[in-house]
Each structure stands twice: as structure tokens, then as C-alpha cells.
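So you can see what is in the structure, the chains are spelled out below.
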There are 2 protein chains.
Amino acid sequence: MNDLATLIGVPVDVVADLIKTLADRELTVATAESLTGGLLAALLTEIPGSSAVVRGGLVVYASDLKQTLAGVDARLLTARGPVDPDVAEALARGARERCGADIGVGLTGVAGPDQQNGIAVGTWFCAVAGPGNRRSLRTGAPEAPPATTPTRAAIRAQAVRAAVDLLANIAATDS
Amino acid sequence: MNDLATLIGVPVDVVADLIKTLADRELTVATAESLTGGLLAALLTEIPGSSAVVRGGLVVYASDLKQTLAGVDARLLTARGPVDPDVAEALARGARERCGADIGVGLTGVAGPDQQNGIAVGTWFCAVAGPGNRRSLRTGAPEAPPATTPTRAAIRAQAVRAAVDLLANIAATDS
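Residues numbered from 1 in each chain as written. Chains lettered and ligands numbered in written order. Predicted model: local features only at pLDDT ≥ 70, side-chain atom pairs only at ≥ 80, totals over all residues. Heavy atoms only, no water.

**Examining the relation of the copies chain A and chain B**
The operation relating the pair of chain copies consists of a rotation about an axis and a translation along that axis. Laying chain A over chain B is done by rotating through 180° and shifting 0.0 Å along the axis; what remains is an RMSD of 0.0 Å. Between the two chains, the operation in question is that of a two-fold axis. A symmetric contact is evident, with 100% of the interface residues of chain A recurring at the interface of chain B. (Least-squares fit on C-alpha atoms with pLDDT ≥ 70 in both. Contact = heavy atoms within 4.5 Å.)

Here it is in C-alpha cells:
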């Protein structure tokens, strides 16, 4: 194994097909990643020709950057905390707007090893905004005990695979 | 192999030690990545406890985002193009300022498969800005023919390893 796609557990051809289909449809993408810290953007940009599709992204690891870089409403962050479906959607919209893309992806969650604000390790939300008014959301939940707690890498990879899947759904849909 | 550090070719202990030393010294980091598209930020945030060190980052894949997100001077970009040592330093400073970190890292280069503005595949610049007025730069050059052209993944991994090394140098230096 010597590519990022294989490490993440998605066939490299699936990512390459996604980039090609988005390019054919002239759709651009941007990311706002907390949980995954840039891993989705790194995966997409490993594909040759991705510069026609990937505008860029925001790694909003510190909570205040979710507001300052991605434009997430401070009241929403205070009320719900950073790991929340509406925060994921706000990150997706922020990525789209701040990076000037057709499609934005927002990723937030708890990779562990510690829970965060009472939210269990393995909880995550992946939201996609656009093109147009289109919205989609995928959620990850921790496995019930006595399941072994997955590693940070496994949780992050699961969320990135969900993002690729949501993007592939959009790419496969007639506009 | 099931971790990002191994894929990139840096021992995971080296990255974990880097995070720990930066945390002990209360130094925070932010990235502005073109060439590597988020791979450095993803590597750093795979380490448990990295949230004490990593503020966030900017993935500035499209050239105009180098200006709008990272604040690189438009005249510099026009005069030199995006793959340039001064652009790398401007990205490092931009990451530091826009993300409110002590240390900024800027990465730009040509991953291929095509050359860019006459600059050969495998050329890259990695700049670090801070803490304080500290500056450092590492450069990658394509191998002379008839060497085989390295893959995108290999070029990106080489640049990320350089960034880890520059950060480790800072972490190991008494302030």
C-alpha cells in the first residue's frame, strides 16, 4: 500500500472517478475540516488533475477558527458545541463561500482518545452543501460497548469515506 | 502499515515527539498548503493531543486562494507564480496570522504530472515562519534525468517530511 486512498479504505479509482466526473460537470469543491484535519482535501488533491476540481479548504481545528475562518455563527457554536450536525452544515456552507466553490464539505466529530463536551468518541457529522440549494448529511455513531473503541485514524477514515460517498452521489446526479 | 506517518515515511514517534515538545513549550502551529493539499495538517492532527498544538490551516490549491485566504501579495504571485520561495514564506506568514498561531508553515510546489509555468515536476518550497522573527526554508529539486519522475504522492511526502523536520528543529531549539 502506498497511496492515501488505500490507507483511508477507498479504492483509488473511486476517488479518481469522482474527480473526473466533477471536472466533466465543471463542479468545484472546497472543504472545512475539523475532525479530519485536512485528510479529505489531501485525499482529493492526490489525484492528478484535481486542480480543476479542488479549490481549497479550511482546517478549523481550534474552535474559534470555525467562526473566524469558516464563518460558523458564534451563537450556534456556543449553544451546541463544535460537534453538531448544524455546525457541520455551517462548515460546509462556509467552505463553499470562503473558497468560492460550487460544493462545500464540512466535517466535525470526536476522534478521541477523550470524549468532548460529553460527546462520545466516534461521533461525527459530514455535511455537503451545493451545488445550488442541495444539502446532504451523514452521521457516524460510536459502536455500542463492549466493542473496542476504534482508533483516531479509523474514525477519521470512516468520516472521509462518507464525504467521498456524498460527493460521488452528487457527481452521479444529473444537474 | 495503517497510519499516515508511515505512509509519508516519517516514524510516528517522531511526529508524536514533535507534538509533545511543541505542547510542552506552549507553541502552536498553523499551515498553508498548496502542493500537499492538507497532508501536513492531516499528519499532525492524527496524533492524540494535537489539539493543544495545531490551530488549523489553509488549503490554498487554487492560486487566487493564496491571496484571499492566506494574504499572499497579488503582485508577488503575478511576478513569480505560485511556486516560489518567497510565496512559500508568505504562505507561512499568512497561515500564522490568519490562524493565530506561533508558527506558520507554507508549502508550494509542482506535484505533476505536468510542469507548471515552466517549473519542473518535483520542485517545491517549504517555509516556516516563527516563533518570533525566526525563518527557515527547505527546497526540493527534481532529480536529474534519466532518473524516474517520482509520483505525486512521493513528491508530496518528501515536502511533508521536510516540514516535520523544520518544525522539529524549532521544537528542539531553546527559545
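**Concerning unusual backbone geometry**
Residue and element names in this part refer to chain A. The omega torsion across Gly-112 and Pro-113 is 10°, close enough to zero to call that bond cis. For Pro-113, the location among the structural elements is in the loop between strand S3 (103–109) and strand S4 (124–129). Despite not being glycine, Glu-26 shows a phi value in the positive range, around 55°. Of note, Glu-26 is situated in the loop between helix H2 (12–24) and strand S1 (29–33). (Helix = DSSP H or I, 4+ residues; strand = E, 2+ residues; numbered from the N terminus.)

**Considerations on the side chain of Asp3(B)**
Its location among the elements puts Asp3(B) in the segment before helix H1 (4–8). Comment: no salt bridge for buried Asp3(B); closest opposite-charge side chain is Arg156(A), at 10 Å. For Asp3(B), the side chain forms a polar contact with the main-chain nitrogen of Ala5(B), separated by 3.2 Å. Here Thr6(B) takes part through its backbone nitrogen, which lies 2.7 Å from a polar atom of the side chain of Asp3(B). In this structure Asp3(B) touches Leu7(A), Val12(B) and Glu46(B), once residues within four positions along its chain are discounted. (Buried < 20%, exposed > 50% of the residue type's maximum accessible area, 1.4 Å probe, protein only. Lys, Arg positive; Asp, Glu negative; His and termini not counted. Salt bridge = Lys/Arg side-chain N within 4 Å of Asp/Glu carboxyl O. Polar contact = N/O pair within 3.5 Å; in protein donor to acceptor, adjacent residues only side chain to side chain.)

**Looking at the packing of helix H2 (residues 12–24) of chain B against helix H7 (residues 152–172) of chain B**
Residues and elements named next belong to chain B. For the pair H2 and H7, the least separation of the axes is 10 Å and the interaxial angle reads 40°. Comparing the axis directions of H2 and H7 gives the class oblique. The way H2 lies across H7 gives a crossing that is left-handed. Here Val-14, Leu-18, Thr-21 and Leu-22 of H2 come into contact with H7, specifically with Val-164, Leu-167, Ala-168 and Ala-171. For the contact of H2 with H7, a count of residues per class yields seven nonpolar, one polar and no charged. (Axes fitted to C-alpha atoms, helices over the stretch in contact; angles between N-to-C directions. Parallel < 35°, antiparallel > 145°, perpendicular 65-115°, else oblique. Left-handed = near helix turned anticlockwise from the far one by under 90°. Nonpolar A, V, L, I, M, F, W, Y, C, P; charged D, E, K, R; others polar.)

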